[in-house]
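Architecture at a glance
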Amino acid sequence: MSKHVSIHHFISSVQNDCLCICLPTGSLCQLDECGQAPLNTKIVGGEAATAGAWPWQVSLHITCNGNLCYCGGSLINKDWVLSAAHCLQGFGTSDIMMYFGHLRRSGLNSHETNRTASRIIIHPTYNNPKHDNDIALLQLSSSVTFTDYIRPVCLAAAGSKFAAGTETWVTGWGKLQSGGSFPDILQEVQVPVVSNSDCYNAYGGLVTNNMICAGLIKVGGKGPCHGDSGGPMVGRNGSLWIQSGIVSFAWAKCDDPRYPGVYARVSQYQDWITTNIASNPPRFVEFNNNGFRSSLNLFLFSISLTFSIIPFTFSLYLSS
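Residues numbered from 1 in each chain as written. Predicted model: local features only at pLDDT ≥ 70, side-chain atom pairs only at ≥ 80, totals over all residues. Heavy atoms only, no water.

1. Some words on the overall build of the chain
In terms of regular secondary structure, the chain is built from four helices and 17 strands. Per-residue burial over the chain gives 58% buried out of 320 residues. If you sum the accessible surface of the chain, you get close to 12400 Å²; carbon and sulfur atoms cover 50% of it. (Helix = DSSP H or I, 4+ residues; strand = E, 2+ residues; numbered from the N terminus. Buried < 20%, exposed > 50% of the residue type's maximum accessible area, 1.4 Å probe, protein only. Areas by Shrake-Rupley, 256 points an atom, 1.4 Å probe, with all protein chains shown as cover.)

In structure tokens, the structure reads:
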């Protein structure tokens, strides 16, 4: 996570009404849970996060060639994690351990729990090496219990609009700069959305409508880096945090001021996510400059219960 302090915080006060259907006793009413971070009071970016600030953040530890590789992810309901396809391609469920409520890579995390994966679903049209549709789902081996330190994020619904300049936040344990070291504590950084046309021009192509870009063009020093792959980019509207992107790639060096970070655009995948999760889907919220509204899915009414790194083209945010 490239470090750069910012004092601007995107807050828009709106009201939202949402129908919530609770499942039988012992289960969780996830529509009311998503996007809430009661312990998040910070208004600056590019520094170490505090415990519970980003309760949907997941740390993926992947066994690859006898070593550990790291990626990020986001908890989207009690049974599923959202991440990047390039993190998981070529690996099986036995290769992956997911950590929730995780703040430090070393030492004791008193609010932490972990799960293995029971299923991995990679988008069927994920394009390697162009990395279009760089999105994947992981089903947990067993449900997690929500706490102030472990909560799901809301997802940007189809039709969401993120105007250039919209402030978003990116979190992860990736390098603090290209060629630098990995932090022990989860990092957070604030970055503005870059229009797809400007991003396309910066990369000379590659950027599709399935992607969203963010960063400081001509300034740099602020954004995700190696090890942040699969992690969430989120924005806040009113009381809710909404995930707009999944960390995917950047050209050459992650802190190069010529190239913003590129993310899978979550709002493009509402149908794919709900179709694959089916029972008890995550909550989608439409994000735009004028506020947001909940987008409920008909599935709510059903209560039945490899890494490919191309160094001469671009750099993925994956670490080992």
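2. Regarding the state of the cysteines
Within the structure shown, the criterion is met by four disulfides. At a sulfur-sulfur separation of 1.9 Å, the disulfide partner of Cys34 is Cys154. Across the S-S bond linking Cys34 and Cys154, the dihedral sits near 85 degrees, which makes this disulfide right-handed. Within this pair, whereas Cys34 is found in the loop between helix H1 (30-33) and strand S1 (47-48), its partner Cys154 is found in strand S8 (residues 154-156), the two being separated by 120 residues in sequence. Since its relative accessible area comes to 1%, Cys34 is described here as buried. Given the relative accessible area of 0%, Cys154 is considered buried. (Disulfide = S-S within 2.5 Å.)

3. Side note on helix H4 (residues 270-277)
For H4, the complete set of buried residues consists of Gln270, Trp272, Ile273, Thr274 and Ile277. Of the residues one or two after H4, Ala278 is the one with positive phi, at around 60 degrees.

4. Details of unusual backbone geometry
Residue Pro129 is bonded to the preceding Asn128 through a cis peptide linkage, with omega at 25 degrees. Here His131, not a glycine, exhibits a phi torsion of approximately 65 degrees, which is positive. Turning to its location among the elements, His131 is positioned in the loop between strand S6 (113-122) and strand S7 (136-140). Backbone geometry at Leu206 places phi at a positive 70 degrees, although glycine is not the residue there. Of note, Leu206 is situated in the loop between helix H3 (196-203) and strand S11 (211-214). Accessibility expressed as a relative area gives 26% for Leu206, which makes it partly exposed.

5. Focus on the sheet that holds strand S5 (residues 96-100)
With antiparallel pairing, the six strands of this closed barrel are ordered in space as S2-S3-S4-S7-S6-S5. Neighbour to neighbour, the strand axes of the sheet diverge by 40 degrees on average, direction disregarded. Sheet topology note: the strand S4 (residues 80-83)/S7 ladder contains four bridges and is antiparallel. Bridge assignment links Leu82 to a residue of S7, and that residue is Leu137. (Pairing = 2+ DSSP bridges. Axes fitted to C-alpha atoms, helices over the stretch in contact; angles between N-to-C directions.)

6. So, the environment of Ala51
Within the fold, Ala51 resides in the loop between S1 and strand S2 (57-64). Using a relative accessible area of 35% as the deciding quantity, one classes Ala51 as partly exposed. Sequence-wise, Ala51 and His111 are 60 residues apart; in three dimensions their C-alpha atoms are separated by 8.4 Å.

7. Here we look at the packing of aromatic side chains
Applying the stated criterion to the full structure yields seven aromatic pairs. With a centroid separation of 5.3 Å and an interplanar angle of 40 degrees, the aromatic rings of Tyr203 and Tyr259 are classed as tilted. You can see Tyr203 sitting in helix H3 and its partner Tyr259 sitting in the loop between strand S13 (240-250) and strand S14 (261-265), a full 56 residues away along the chain. Side by side, Tyr203 and Tyr259 carry an identical accessibility label, which is buried. Every member of this aromatic cluster is reached through a ring pair, and the members are Trp54, Trp56, Trp169 and Trp241. Just above the ring of Tyr70 sits the side chain of Arg105; from NZ or CZ to the centre is 4.0 Å. (Phe/Tyr/Trp six-rings, centres within 6.5 Å; stacked < 30°, edge-to-face > 60°. Lys NZ or Arg CZ within 6 Å of the ring centre and 35° of its normal.)

Note that all results are geometric; they support no functional claim without further evidence.
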